[in-house]
Amino acid sequence: MKDLAEDFAKLGPWIYQFQIDGQTCGGGISAVGDVRIERFLRFAPKAETILELGSLEGAQSFILAQQPGVKRVVALEGREANLRKARFVQELLKIPNVEFHQANLEDADLTAFGRFDAVFCCGLLYHLPEPWKLVEQSPEVASRLFIWTQYASDD
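Here the structure is a predicted model, which means the values were calculated and not measured.

J.: With reference to specific residues and values, describe the overall build of the protein chain.
T.: Across its full length, the protein chain holds six helices and eight strands. Moving toward the C terminus, one meets the helices and strands of the protein chain in the order α-β-β-β-α-β-α-β-α-β-β-α-α-β. Computed over the C-alpha atoms, the radius of gyration of the protein chain is 15 Å, within 12% of the 15 Å expected from 2.2 N^0.38 for a compact globule of 155 residues. With respect to the three principal axes, the spread of C-alpha positions in the protein chain is 45 × 45 × 30 Å. In the protein chain, which comprises 155 residues, the proportion classed as buried is 46%. A fraction of 64% describes how many contacts in the protein chain between residues 6 or more apart in sequence connect residues 24 or more apart. With the model as given, the accessible surface of the protein chain reaches about 8,700 Å², and the carbon-plus-sulfur share is 51%.

J.: I'd like a description of the packing of aromatic side chains, backed by residues and values.
T.: Inspection of every chain in the model, using the stated rule, returns nine aromatic pairs. Note on Phe18 and Phe62: the rings are 6.3 Å apart at their centroids and 65° apart in plane angle, and the pair reads as edge-to-face. Here Phe18 is found in strand S1 (residues 16-20), whereas its partner Phe62 is found in helix H3 (residues 59-65), with 44 residues between them in sequence. In this structure, Phe18 and Phe62 share a single accessibility class: buried. For the pair Phe43 and Phe146, a centre-to-centre distance of 6.0 Å together with 50° between the ring planes defines the contact as tilted. Here Phe43, found in helix H2 (residues 35-43), pairs with Phe146, found in strand S8 (residues 145-148); they are 103 residues apart in sequence, far enough to count as distant. Judged by relative accessible area, Phe146 falls into the buried class, the value being 9%.

J.: Residues and numbers for unusual backbone geometry, please.
T.: When glycine is set aside, most residues are seen to have a negative phi, and most peptide bonds are trans. A cis geometry characterises the amide bond from Gly12 onward to Pro13, with omega recorded as 5°. Inspection of the secondary structure assignment puts Pro13 in the loop between helix H1 (5-11) and S1.

J.: Give a description of helix H4 (residues 80-93) that names residues and reports values.
T.: An ideal rise of 1.5 Å per residue puts 20 Å on 14 residues; H4 measures up with 20 Å between its terminal C-alpha atoms. Turning to H4, its buried residues are Asn82, Leu83, Lys85, Ala86, Phe88, Val89 and Gln90. Looking one or two residues past H4, Lys94 carries a phi angle of roughly 55°, positive in sign.

J.: So what's going on with the sheet that holds strand S5 (residues 72-77)? Residues and values would help.
T.: Ordered in space as S6-S5-S4-S7-S8, the five strands form an open sheet in which the pairing is parallel. With partners counted over all chains shown, the strands left at the sheet margins are strand S6 (98-102) and S8, one partner each. Averaged over neighbouring strand pairs, the angle between their axes works out to 15° when direction is ignored. One ladder, built from four bridges, connects strand S4 (residues 49-53) with strand S7 (residues 118-122); its direction is parallel.

Calculation rules
- Residues numbered from 1 in each chain as written.
- Predicted model: local features only at pLDDT ≥ 70, side-chain atom pairs only at ≥ 80, totals over all residues.
- Heavy atoms only, no water.
- Helix = DSSP H or I, 4+ residues; strand = E, 2+ residues; numbered from the N terminus.
- Rg over C-alpha atoms; globule rule 2.2 N^0.38 Å.
- Buried < 20%, exposed > 50% of the residue type's maximum accessible area, 1.4 Å probe, protein only.
- Contact = heavy atoms within 4.5 Å.
- Areas by Shrake-Rupley, 256 points an atom, 1.4 Å probe, with all protein chains shown as cover.
- Phe/Tyr/Trp six-rings, centres within 6.5 Å; stacked < 30°, edge-to-face > 60°.
- Expected span 1.5 Å × (residues − 1).
- Pairing = 2+ DSSP bridges.
- Axes fitted to C-alpha atoms, helices over the stretch in contact; angles between N-to-C directions.

Structural data, given as structure tokens:
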């Protein structure tokens, strides 16, 4: 069995950790058991196609893609470094039903990615200067929008 620590280190630093061939690799946070995913699945239990906004390294993307009935996850991410990490893990895990795309979510046209059963948006909106521009597109791409975000006061 190949030791993956060196391969992961080359792409680091990492936020999320992944279990690959019995090895724990990547960062310090596990997405396994993430309450946000559990709540999304209760919110959109029959979603076969999911648009994920802000996929980071793909940890949640892979969990969503492995759910019963999910045929396709399109994961959008702005940072090329995060996409390299996600695609690297995808190759190791052999999860074929996730598509990663680079998109600047401050001005992306979500309709260019197709129609979906649901949109999964966690931990993204507070990064955007005008998040409403992204949110207002959601009815054109899906009938369900799941948002989990946070905010901070100016001071």
